[in-house]
Amino acid sequence: AQSVSQHNHHVILSEAASLELGCNYSYGGTVNLFWYVQYPGQHLQLLLKYFSGDPLVKGIKGFEAEFIKSKFSFNLRKPSVQWSDTAEYFCAVIPSTTSGTYKYIFGTGTRLKVLA
Amino acid sequence: NAGVMQNPRHLVRRRGQEARLRCSPMKGHSHVYWYRQLPEEGLKFMVYLQKENIIDESGMPKERFSAEFPKEGPSILRIQQVVRGDSAAYFCASSPRDSGNQPQHFGDGTRLSIL
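So, a few notes on the structure that sits alongside this text. (Residues numbered from 1 in each chain as written. Chains lettered and ligands numbered in written order. Predicted model: local features only at pLDDT ≥ 70, side-chain atom pairs only at ≥ 80, totals over all residues. Heavy atoms only, no water.)

## With respect to the overall build of chain A
Put simply, the rule reads: Here a helix means four or more residues in a row that DSSP labels H or I, a strand means two or more in a row labelled E, and each is numbered from the N terminus. A radius of gyration in this sense is built from C-alpha atoms; the matching globule rule multiplies 2.2 Å by the number of residues raised to 0.38. For every residue, the accessible area (1.4 Å probe, protein chains only) is compared with the maximum for its type, and the residue is labelled buried under 20%, exposed over 50%, or partly exposed between those bounds. Here a residue-residue contact requires only that any non-hydrogen atoms of the pair lie within 4.5 Å. Accessibility throughout is a Shrake-Rupley quantity obtained with a 1.4 Å probe, and a residue counts as covered only by protein chains that appear here. Here Asp and Glu are counted as negative and Lys and Arg as positive; His is not counted, and neither are the chain ends. Taken as the charge location is NZ of Lys, CZ of Arg, CG of Asp or CD of Glu.
On a plain count of helices and strands, chain A comes out with 0 helices and 12 strands. From first element to last, N terminus to C terminus, chain A shows the α and β order β-β-β-β-β-β-β-β-β-β-β-β. The C-alpha atoms of chain A give 14 Å as radius of gyration, which agrees with the globular expectation for 116 residues (13 Å, within 12%). Projected onto the principal axes, the alpha-carbon positions of chain A cover approximately 45 × 30 × 20 Å. Considering chain A as a whole, with its 116 residues, one finds that 47% of them fall into the buried category. Put simply, 54% of the contacts in chain A that link residues at least 6 apart link residues at least 24 apart. Put simply, chain A shows about 5,500 Å² of open surface, and 53% of that area lies on carbon and sulfur atoms. Positive and negative side-chain charges in chain A, numbering 10 and 7 respectively, have mean positions lying 6 Å apart.

Next up, the structure:
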């Protein structure tokens, strides 16, 4: 079955530390990849997406992610986190199938806490 | 705010009652998706609807759950005879078309608590 794994469930960092959140998926075909962020009590907001082209994708708020097809990975990075980055981060994949390309498969999320 | 609107934000029901969750998609969006997030888990796809059509309900429990997206008005996720295990956050998302190249936009969710 298709699945998305986020290996870090809870991450605690100090401000200015670098961040990398892992995301691996299991699907051998074409995929679209996303990272969403959910601030406390708010809806999911799109951080960045990858459909095709340059595997290094830049998103909002200084985040970037790299798609490594051979590793089925789409890790999220930020060189220097801020206290305001405290949130939950979700990796999501949409496999492209014959029945359509719409069904998000989400990871379980990573809760990031940034200490001021 | 022209985003995806869900109401209510919080809903409390007793076991055996019915829960109705509403979702108004973003303006111009005709595709609606419902997801459920259980505690400590990621969002799980439930159903995909277009106006007056259920496209994919493969993630819906076989009993007690139903969804609709009428020609007029919001999409409704209906849970009959709720049980404690239905306690979760239910998120609605919308897109202007099949979201392969169009990210889905999410609402704030409805947090359902069953007493």
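Additional details are given in the paragraphs that follow.
## Here we look at the interface of chain B and chain A
Inclusion rule: Summed over both partners, the accessible surface that disappears when two parts come together, traced with a 1.4 Å probe, is what is meant by buried area. Every case where a carboxyl oxygen of Asp or Glu lies within 4 Å of a side-chain nitrogen of Lys or Arg is listed as a salt bridge. Residues are grouped as follows: Ala, Val, Leu, Ile, Met, Phe, Trp, Tyr, Cys and Pro are nonpolar; Asp, Glu, Lys and Arg are charged; every other residue, Gly included, is polar.
The partner chain A presents 22 residues to the 24 residues of chain B that form the contact. Summing both sides of the interface, chain B and chain A together bury roughly 1,800 Å²; the carbon and sulfur share of this comes to 53%. Put simply, chain B and chain A have 1 salt bridge between them. A salt bridge links Lys103 of chain A to Asp56 of chain B; the shortest N-O distance between them is 3.3 Å. Looking at the side of chain B that touches chain A, the elements with two or more residues in it are strand E4 (31-37) and strand E5 (43-50) of chain B. Across the side of chain B that touches chain A, the residue classes tally to 8 nonpolar, 9 polar and 7 charged.

## Brief notes about the pattern of salt bridges
Evaluated as defined, the whole model comprises 11 salt bridges over all chains. A salt bridge links Arg111 of chain A to Glu88 of chain A; its shortest N-O distance comes to 3.5 Å. Residue Arg111 of chain A is located in strand E12 (residues 110-115), and its partner Glu88 of chain A is located in strand E10 (residues 87-95); the two are separated by 23 residues in the primary sequence. Assessed through its relative accessible area of 38%, Arg111 of chain A is described here as partly exposed. With a shortest N-O distance of 2.9 Å, Arg78 of chain B and Glu18 of chain B are connected by a salt bridge. On the criterion of sequence distance, the pair formed by Arg78 of chain B in strand E8 (residues 75-79) and Glu18 of chain B in the loop between strand E2 (10-13) and strand E3 (19-24) is long-range, its members being 60 residues apart. When salt bridges with common partners are traced through the structure, they connect Lys58, Glu64, Glu66 and Arg77 of chain A into a single cluster.

## Re the sheet that holds strand E1 (residues 5-7) of chain B
Residue and element names in this part refer to chain B. Short version of the rule: Here a strand pair is declared whenever DSSP counts at least two bridges between the two strands. Here an axis means a line fitted to C-alpha atoms, over the contact stretch when the element is a helix, while the angle between two N-to-C directions is reported on a 0 to 180 degree scale.
Read from one edge to the other, the open sheet built from 4 strands follows the order E1-E3-E8-E7, with strand pairing classed as antiparallel. Bordering the open sheet on either side are E1 and strand E7 (65-68), each of which pairs with just one other strand. Neighbour-to-neighbour, the strand axes of this sheet turn through a mean angle of 15 degrees, independent of strand direction. Note that E7 and E8 share 4 bridges and pair antiparallel. Directly across from Ala67, in E8, lies its bridge partner Leu77.

## As for the state of the cysteines
Residue and element names in this part refer to chain B. Selection criterion: Whenever a pair of cysteine sulfur atoms sits within 2.5 Å, that pair is classed as a disulfide.
Evaluated as defined, the whole model comprises 2 disulfides over all chains. In this model, Cys23 is linked to Cys92 through a disulfide, with the two sulfur atoms separated by 1.8 Å. Across the disulfide from Cys23 to Cys92, rotation about the S-S bond amounts to roughly -55 degrees, and the bridge is consequently left-handed. Here Cys92 lies in strand E9 (residues 88-95) and Cys23 lies in strand E3, a separation of 69 residues in the sequence. Of the two residues examined, Cys23 and Cys92, each falls in the buried class.

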